[in-house]
Amino acid sequence: MKRATLFVLCSALLSPPLFAESVPEVGIARLDCGTTSGPSDVARFSDTYAYDGFKVQLTYSCYLIKHGDEYLVWDAGQPDDGSPRAPKKNLVKLLGELGIKPEQVNYLGISHYHGDHIGQSPLLPDSTLLIGTGDWDALTSNPPRPGVNPEPVKHWISGGGKVETVMGDKDIFGDGTVVMLGMPGHTPGHSSLLVKLKEKGNVLISGDQAHFHENYEHERVPTFNTNRADTLASFDRFKRIAENVDATVIIQHDARDIDKLPAFPQMAR
Ligand SMILES: [Zn+2]
């Protein structure tokens, strides 16, 4: 064997195995996506009158998911409109603090069409919108369905941005590390998100499957909800997945879950 051939063979054997390259590093950071003044009376979060004067500190959370050099922003929070609930720093500013430009965000994944989840979508016009088919249908029906305001995503509705509607689940980067999970009921195309991290383990992000711990624990359904039976079936699926993959469950609107991820700008990996 020639020395050059031997060298090539040896370096091939010594180089890291192929799978190390094919599974890029995955990370997640919480982005603060709205302002709350204090604990809220949560009576309207139960359609069976479970709460009488009970208050919970709610929050508005978006997430940045890094997959190698690709990025997904999960939910777009409250609009950046100067209202009392507007975020103190908008998504562009927060991403900037992480050294990321809006045009680097490949995907904007939306859990559901409610205004506190799509508010800052216009700030990420170059991102491919990922949204449950049922929610996309509600946003694009003419006239829009009652309680649905398509304004923040009109850029995508008018054909200005790329849209991928999701029926059921979607393995976003194709390697099983970040999966959008169909959890219909809160809205017709509502989704949650599973993120598999090397060090922290699996993380399951709720969307609005539940808005706070007590509703999650007792599987309570809000008064503002499109299909009660579907929401209960989605609770069953969500909890089975959480148990089977031993996931850290993060309820996006519950301020008690903010600490389940490192404080911004740090990322769980
Ligand atoms: Zn909602």
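Since the model is a prediction, treat every value here as computed from it, not as a measurement. (Residues numbered from 1 in each chain as written. Predicted model: local features only at pLDDT ≥ 70, side-chain atom pairs only at ≥ 80, totals over all residues.)

Asks: Summarise the overall build of the protein chain; cite the residues concerned and give the values.
Replies: Along its length, the protein chain carries 8 helices and 13 strands. For a compact globule of 269 residues, the expected C-alpha radius of gyration is about 18 Å, and the protein chain comes in at 20 Å, within 12% of that figure. If one aligns the C-alpha atoms of the protein chain with their principal axes, the spans along those axes are about 80 × 40 × 35 Å. Considering the protein chain as a whole, with its 269 residues, one finds that 41% of them fall into the buried category. Taking the intrachain contacts of the protein chain between residues at least 6 apart in sequence as the baseline, contacts between residues at least 24 apart amount to 67%. (Helix = DSSP H or I, 4+ residues; strand = E, 2+ residues; numbered from the N terminus. Rg over C-alpha atoms; globule rule 2.2 N^0.38 Å. Buried ≥ 20, exposed ≤ 12 C-beta atoms within 10 Å, placed from the backbone. Contact = placed C-beta atoms within 7 Å.)

Asks: I'd like a rundown of helix α5 (residues 133-140), residues and numbers included.
Replies: Of the positions making up α5, those classed as buried are Gly134, Asp135, Trp136, Ala138 and Leu139. Each element contacted by the buried residues of α5 is listed here: β7 (128-132), α6 (154-157) and β8 (163-166).

Asks: Which residues make up the sheet that holds β8, and what values go with them?
Replies: Spatially, the 6 strands line up as an open sheet ordered β1-β4-β5-β6-β7-β8, and their pairing is mixed. The strands lining the two open edges of the sheet, one partner per strand, are β1 (26-32) and β8. For this sheet, the mean angle separating the axes of adjacent strands, direction not counted, is 20°. Bridge count for strand β6 (residues 105-110) against β7 is 4 bridges, and the pairing is parallel. Residue pairing in the sheet places Tyr107 in a bridge with Thr128 of β7. Against the sheet, α5 touches β7 and β8, its axis set at about 105° to β7. (Pairing = 2+ DSSP bridges. Axes fitted to C-alpha atoms, helices over the stretch in contact; angles between N-to-C directions.)

Asks: Hey, could you go over the environment of Leu108 for me, with residue numbers and the actual values?
Replies: Here Leu108 is to be found in strand β6. Assessed through the 31 C-beta atoms surrounding it within 10 Å, Leu108 is described here as buried. With 37 residues separating them along the chain, Leu108 and Tyr71 place their C-alpha atoms 8.8 Å apart. Leaving out residues up to four positions away in the same chain, Leu108 has contacts with Val73, Ala76, Ser121, Leu124, Ser127, Leu129 and Leu130.

Keep in mind these numbers describe shape, not what the thing actually does.
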